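Overview (structure and organization)
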Amino acid sequence: MVLEVAILNIKNGLTSEFEASFKEASLIIETMKGYIHHELKKCIEKPDQYILLVKWETLEDHEEGFRKSKEYQNWKKLLHHFYEPFPEVLHYN
């Protein structure tokens, strides 16, 4: 199992829109090969910041399977315009 971790800084004033888009995007990631579970948590001290935790069976399921899929293009369209700056994504085992 691999844990994907990303700190998401959302542009000021767009957290409600981000959360709504993330609900829609969740339906995409949940269908991907190797996907196990995900959580999105809002920071208490920084209201425009979230942490995204995604469990994958393998690193390749995330990096190759998801990120190179047509579904990822829809994920990007729904979410990437909310980030400032664009998040670093790291993996843990």
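Observations regarding the pattern of salt bridges
Tallied over the full model, the rule gives five salt bridges. Residue Lys42 pairs with Glu19 through a salt bridge whose shortest N-O separation is 3.9 Å. A residue pair is termed long-range when its members are at least 10 positions apart, and Lys42 in strand E2 (residues 35-42) and Glu19 in helix H1 (residues 15-29) qualify at 23 residues. Relative accessible area serves as the criterion here: at 32%, Glu19 is assigned to the partly exposed category. Salt-bridge contacts for Glu39 lead to Lys41; the nearest nitrogen and oxygen are separated by 3.5 Å.

Things to note about the side chain of Asp61
By the element assignment, Asp61 lies in helix H2 (residues 59-66). Within polar-contact distance, the side chain of Asp61 engages the side chain of Lys33 at 3.1 Å. If near-sequence neighbours (up to four positions away) are discounted, Asp61 is found in contact with Lys33, Gly34, Trp56 and Phe66.

Calculation rules
Residues numbered from 1 in each chain as written. Predicted model: local features only at pLDDT ≥ 70, side-chain atom pairs only at ≥ 80, totals over all residues. Heavy atoms only, no water. Salt bridge = Lys/Arg side-chain N within 4 Å of Asp/Glu carboxyl O. Helix = DSSP H or I, 4+ residues; strand = E, 2+ residues; numbered from the N terminus. Buried < 20%, exposed > 50% of the residue type's maximum accessible area, 1.4 Å probe, protein only. Polar contact = N/O pair within 3.5 Å; in protein donor to acceptor, adjacent residues only side chain to side chain. Contact = heavy atoms within 4.5 Å.

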